[in-house]
Amino acid sequence: MVFMVLLIFWALVFSLILFKIKKGRGAEWAKIFRILTLVFSISFFTYWFIKRSSVGIVQDSVALQVINKLPQPIDFYVINLNDPEAGKAIETKHIGNIRSEYYRIEYLRMDRSDEYWIVGYLGKKNLVYFSQHAVPNKNIDQIIEINNYINQSVKLSEIAKKQVEAYNYENTKVGIWVTLDFLLLFLNLVLLTRKRK
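Here is what the cut-offs are and how they apply
Residues numbered from 1 in each chain as written. Predicted model: local features only at pLDDT ≥ 70, side-chain atom pairs only at ≥ 80, totals over all residues. Heavy atoms only, no water. Axes fitted to C-alpha atoms, helices over the stretch in contact; angles between N-to-C directions. Helix = DSSP H or I, 4+ residues; strand = E, 2+ residues; numbered from the N terminus. Parallel < 35°, antiparallel > 145°, perpendicular 65-115°, else oblique. Left-handed = near helix turned anticlockwise from the far one by under 90°. Contact = heavy atoms within 4.5 Å. Nonpolar A, V, L, I, M, F, W, Y, C, P; charged D, E, K, R; others polar. Core = buried A, V, L, I, M, F, W, Y, C linked by side-chain atoms within 4.5 Å. Buried < 20%, exposed > 50% of the residue type's maximum accessible area, 1.4 Å probe, protein only. Salt bridge = Lys/Arg side-chain N within 4 Å of Asp/Glu carboxyl O.

Peer 1: Quick question: what am I supposed to make of the packing of helix α1 (residues 2–18) against helix α2 (residues 25–53) here?
Peer 2: Relative placement of two packed helices is described by the angle separating their axes and the distance separating the axes. In the contact formed by α1 and α2, the axes pass within 10 Å of each other and the chain directions differ by 150°. When the axes of α1 and α2 are compared, the pair comes out roughly antiparallel. The interaxial crossing formed by α1 with α2 has left-handed handedness. Between α1 and α2, the contacting residues are M4, I8, A11, L12, F14, S15 and L18 on the first element and A30, F33, R34, T37, L38, F40, S41, F44 and F45 on the second. Tallied by class, residues from the contact of α1 with α2 come to twelve nonpolar, three polar and one charged.

In structure tokens:
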């Protein structure tokens, strides 16, 4: 994902530079490159947003329903583990900020895993909930009710904290690059569609 966003960024920067070529043999090729770059960029981001917006049902997955029974909204993450002994996380997902007496459903691929962790934050940095959950039968969906503030393992919760921080950092980085891409996309679109005087 990051590679594609960076590739689009540099292609759009190059398209802006090619805008200066208005005459001569290269002008037509420059315009074709700019049009192709815009079409590819718009297509990629349209596909990406549709994919991100759609429900993430995965084939042969386990449905996890997290119910918040606590009196205030908690921001939940789920970490799917490959090797629980080594604490290696293969996937971190943001379930969402769940209000009191509400729930969210997430779908987990458990083909390489038989354990997941749930991490809850009150605010941005205050970890108030951590629990480990085994999946002995991958044909049964999981329902977890969060009734109290608990940290089942201080050591593992520290690993989880680092995973969540890395996940949030990666999302922030991608968000910045996507914003820059949209700015360049808009500039290229305006320059390409404006009428020459």
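Let us keep going from here.
Peer 1: What should I look at first to understand the nonpolar core in this one?
Peer 2: Nonpolar side chains in soluble globular proteins generally cluster together in the buried interior. Ranked by internal contacts, the top residues of the largest apolar core, which has 18 residues, are L64, V66, F76, Y116 and I118. Contributing elements (two or more residues each) for this core: β1 (61–68), β2 (74–83), β3 (88–98), β5 (115–122), β6 (126–134) and β7 (142–146). Formed by twelve residues, the second largest nonpolar core is a distinct cluster that contains V5, W48, V174 and L184.

Peer 1: Help me out: how do you make sense of the pattern of salt bridges in this one?
Peer 2: Any two side chains of opposite charge can pair if their charged atoms end up close together. The tally for this structure, following the rule as stated, stands at four salt bridges. A salt bridge links E101 to K69, with the shortest nitrogen-to-oxygen separation between them at 3.5 Å. With a gap of 32 residues between them, E101 in the loop between β3 and β4 (102–109) and K69 in the loop between β1 and β2 connect regions that are remote in the sequence. When its relative accessible area of 34% is taken as the criterion, K69 is described as partly exposed. With a shortest N-O distance of 3.6 Å, K173 and E170 are connected by a salt bridge. In this pair, K173 and E170 both sit in helix α3 (residues 154–193), three residues apart, roughly one turn of the helix. A relative accessible area of 32% places E170 in the partly exposed class. Through salt bridges that share partners, E91, K93 and E106 make up one connected network.

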